[in-house]
Amino acid sequence: FLEHLLPVYRRATEDELKLCQGDWKYGSFFTTCVTESRLFLPYAAKKFTNAGGIITYHHLDALTQLADSYDVVVNCSGFGAKELCIDHHLVPIRGQVIKVRAPWIKMAFYGDYDTYIIPGFEAVTLGGCRQFDSYNTEICRYDSMAIKKRCYDMLPSLKKAKVIREMVGLRPHRAVVRVEAEFLTKESGKKLKIVHNYGHGGYGVTTAPGTAKYAVKLVRDLFTCNSKL
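Residues numbered from 1 in each chain as written. Predicted model: local features only at pLDDT ≥ 70, side-chain atom pairs only at ≥ 80, totals over all residues. Heavy atoms only, no water.

Draft legend 1. Structural view of the overall build of the chain. In terms of regular secondary structure, the chain is built from five helices and 10 strands. Here the chain holds 229 residues, and 32% of them are scored as buried. Considering only contacts within the chain whose residues lie at least 6 apart along the sequence, 65% involve residues at least 24 apart. By element, 58% of the accessible surface of the chain is carried by carbon and sulfur atoms, the whole surface being about 15,300 Å². Computed over 32 positive and 23 negative side-chain charges, the inter-centroid distance for the chain is 5 Å. (Helix = DSSP H or I, 4+ residues; strand = E, 2+ residues; numbered from the N terminus. Buried < 20%, exposed > 50% of the residue type's maximum accessible area, 1.4 Å probe, protein only. Contact = heavy atoms within 4.5 Å. Areas by Shrake-Rupley, 256 points an atom, 1.4 Å probe, with all protein chains shown as cover. Lys, Arg positive; Asp, Glu negative; His and termini not counted. Charge placed at Lys NZ, Arg CZ, Asp CG, Glu CD.)

What follows is the structure, encoded as structure tokens:
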């Protein structure tokens, strides 16, 4: 699939395989883009407000609370959808990463056991782990030790990299990402049109452009249905 999607995707050469320590039998080389959410999200929010969008903050106990204020609601509540939508298919997958200062790392590396080394704009990310149905948001020193060992084994030069910070997050995982339309009815009888877009797990940044386009199509379809009624 990636061969037809990326500008460059091919088998790694013997010299490229030797960039990583270990007896690697096969590898792939490809080019892609990096999106760093800490930088991208403020940019996206500014682009939205510059186009006339308005950002408000409000606590919700139910999506039907929005029925009197909006024609269509796009629900991108992530892990919050577990309670907001009473979605028992949504589970957390815990992840932990280490950010280090290693400006000499110019390429990303992926290995076995969810091992990855990704250079970013401000630091290099070392990871990782995927712990199904874990709600632990504390830094685990054993996960840190395991991540460092796997990454150091791949690229020994990382041993001299300064650790900037460690981070933990809960990925909102769903066996099938939920991108679909739904109609909810308030007790008053008023209907609310909703397009859900959540459950991307650890691939939210990667799959966001595609699921966003599909969600927009569903919103347009809802308005088209209205015009025909």
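Draft legend 2. Layout of the pattern of salt bridges. All told, the structure shown has 12 salt bridges when counted by the stated rule. Residue Lys 190 is joined to Asp 68 by a salt bridge in which the shortest nitrogen-to-oxygen separation is 3.8 Å. Placement of Lys 190 in the loop between strand 9 (162-185) and strand 10 (191-200) and of Asp 68 in the loop between helix 2 (37-50) and strand 3 (72-75) is noted, with a sequence separation of 122 residues between them. Given the relative accessible area of 52%, Asp 68 is considered exposed. Across the salt bridge formed by Asp 221 and Lys 217, the nearest N and O atoms sit 3.0 Å from each other. Of this pair, Asp 221 and Lys 217 both sit in helix 5 (residues 204-228), four residues apart, which is roughly one turn of the helix. In this structure Lys 217 comes out as partly exposed when scored by relative accessible area, which is 44%. Among the charged side chains, a network of salt bridges with common partners joins Asp 68, Lys 186 and Lys 190. (Salt bridge = Lys/Arg side-chain N within 4 Å of Asp/Glu carboxyl O.)

Draft legend 3. Here's a closer look at the pairing of strand 6 (residues 115-119). Extensive coverage of strand 6 is indicated by the burial of four of its five residues. With three bridges joining them, strand 5 (residues 109-111) and strand 6 adopt antiparallel strand pairing. Each bridged residue has a counterpart across the sheet, and for Tyr 110 the counterpart in strand 6 is Tyr 116. Between the antiparallel neighbours strand 5 and strand 6 lie three residues, among them Tyr 113 with a positive phi of about 60°. Pairing of strand 6 with strand 7 (residues 124-127), which is carried by four bridges, proceeds in the antiparallel orientation. Looking at the pairing, Pro 119 lines up with Val 124 of strand 7. Where strand 6 folds back onto strand 7 in an antiparallel hairpin, the turn is made up of four residues. (Pairing = 2+ DSSP bridges.)

Draft legend 4. Fine view of the environment of Gly 80. Relative to the assigned elements, Gly 80 resides in the loop between strand 3 and helix 3 (81-84). Here the alpha-carbon distance between Gly 80 and Pro 172, two residues 92 residues apart in the chain, equals 8.5 Å.

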